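Residue-level structure breakdown
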Amino acid sequence: MTRSLTPVARIAIAIGAAGAAAFAWGSLVERRRFTLRQVQVPVLPAGAEPIRVLHLSDLHMAPWQRDKQEWVRSLATLRPDLVVDTGDNLGHRRGIEGVRHALAPFRGIPGVFVNGSNDYFGPVIKNPLSYFGGPSGPASQAEHLDIAELHGFFADLGWTDLDNAATSLEVRGTHLEFFGVDDPHRGFDRLDRVAAAIDDLRAEDPFGDDMWPDRGSALERRATVTIGVSHAPYRRVLNSFVNHGAQLLLAGHTHGGQVCLPGFGALVTNCDIPREQASGLSVWRHGLRSAYLNVSAGLGTSIYAPVRFACPPEATLLTLVPVG
């Protein structure tokens, strides 16, 4: 005669089944449920034309991920005015093949980009529980990837490298000023170089807001919207960007937590940003200054951790509109 299961055994089986179902959903379904998040950001001067900014991040591309590549290609039909790529494009030694296919339709659309650590180094197997102890450290066995080839492709698209650098663009009649850092997660950010690059950029612009503090003629001054770009949204970087007058901050890296609890959100961020700002549009405050902050949950995962839960992969279309 078969002995019936005890209540404890029944609970254990139910928990195991629920866990298996959640993993199957996160790995087989949600990881491929690509989503476009659309938000408006009021940072433009009065009377300016809206600017559509496509924010891409964390593709972690492998050559066989055709569904992701085709979905990214389809975003070109949005006709963005500008593309901002916040790094971790590569997820395999041959990831550049998928990146080329995915981003080819954006050739000729102005863009800027920064590096993430996975643009330098390939993925490795990690214990997922280690993320609860703080940001992940470098893996000595990680494969070096061909970041020079990635940069060459971005240059062919017409995109500008913002790694510890600054630049400016005219988009739909508005002067946009950009500065960015190389990957802060690996400590490649050089905020001193960024400060010098910003000084040089503004010194070269005789019509910028900061050049004529005592003269108010509209003919002598030009409204400028300043945007800071980083792969990983570490506090030190965001605070520095705000100090330099950024009105909009763009970052990725967190994967939005990658595995979230409904009603609670991200369990970890893999950096020191507050958990509640691990993804989406929020306001970053530092002292008396503030800026809008958009952290992308990204489009990919490591090939060794192919799961998302309550955190679908995303790109963001930000429509910049006039203040007020």
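What you see is a predicted model; the values in this text were computed from it and never measured.

**What to know about the confidence of the model for the protein**
Here the protein averages 89 in pLDDT, and 84% of its residues register 70 or above. Counting interchain partners and residues more than four positions distant, the pLDDT-below-50 stretch residues 210-220 has 14 contacts.

**Brief notes about the sheet that holds strand S13 (residues 289-295)**
Taken together, the six strands give an open sheet; going across it, the order is S6-S7-S8-S9-S13-S12, and neighbouring strands pair in mixed fashion. The strands lining the two open edges of the sheet, one partner per strand, are strand S6 (165-171) and strand S12 (280-286). Ignoring strand direction, the axes of neighbouring strands in this sheet form an average angle of 25°. Note: strand S8 (residues 224-229) against strand S9 (residues 248-251), three bridges, orientation parallel. Pairing of Ile227 across the sheet is with Leu248, part of S9. Contacts from helix H7 (residues 235-243) reach strand S7 (174-180), S8, S9, S12 and S13, with the element oriented near 75° to S12.

**Quick word on the pattern of salt bridges**
Proximity of charged atoms lets side chains of opposite charge pair with each other. Under the criterion given, the structure shown has 13 salt bridges. When the shortest N-O distance is used, the salt bridge between Arg100 and Glu149 registers 3.8 Å. Within this pair, whereas Arg100 is found in helix H3 (residues 95-103), its partner Glu149 is found in helix H5 (residues 147-157), the two being separated by 49 residues in sequence. Take Arg100: its relative accessible area is 35%, and that puts it in the partly exposed class. Judged by relative accessible area, which is 32%, Glu149 ranks as partly exposed.

**Side note on the sheet that holds strand S14 (residues 314-322)**
Here we have six strands laid out as an open sheet, ordered S1-S14-S2-S3-S4-S5, and mixed in their pairing. With partners counted over all chains shown, the strands left at the sheet margins are strand S1 (35-44) and strand S5 (159-161), one partner each. Across the sheet, the mean angle from the axis of one strand to that of its neighbour is 20°, orientation sign disregarded. When S1 meets S14, the two strands line up parallel, connected through nine bridges. Each bridged residue has a counterpart across the sheet, and for Val41 the counterpart in S14 is Leu320. Relative to S5, H5 is tilted by about 135°, and along the sheet it contacts strand S3 (82-85), strand S4 (111-113) and S5.

**Focus: the side chain of His231**
Residue placement: His231 occurs in the loop between S8 and H7. There is a polar contact of 2.6 Å between the side chain of His231 and the backbone oxygen of Thr86. Side-chain polar atoms of His231 contact the side chain of Asp88, separated by 3.2 Å.

The rules we used
Residues numbered from 1 in each chain as written. Predicted model: local features only at pLDDT ≥ 70, side-chain atom pairs only at ≥ 80, totals over all residues. Heavy atoms only, no water. pLDDT = per-residue confidence, 0-100. Contact = heavy atoms within 4.5 Å. Pairing = 2+ DSSP bridges. Helix = DSSP H or I, 4+ residues; strand = E, 2+ residues; numbered from the N terminus. Axes fitted to C-alpha atoms, helices over the stretch in contact; angles between N-to-C directions. Salt bridge = Lys/Arg side-chain N within 4 Å of Asp/Glu carboxyl O. Buried < 20%, exposed > 50% of the residue type's maximum accessible area, 1.4 Å probe, protein only. Polar contact = N/O pair within 3.5 Å; in protein donor to acceptor, adjacent residues only side chain to side chain.

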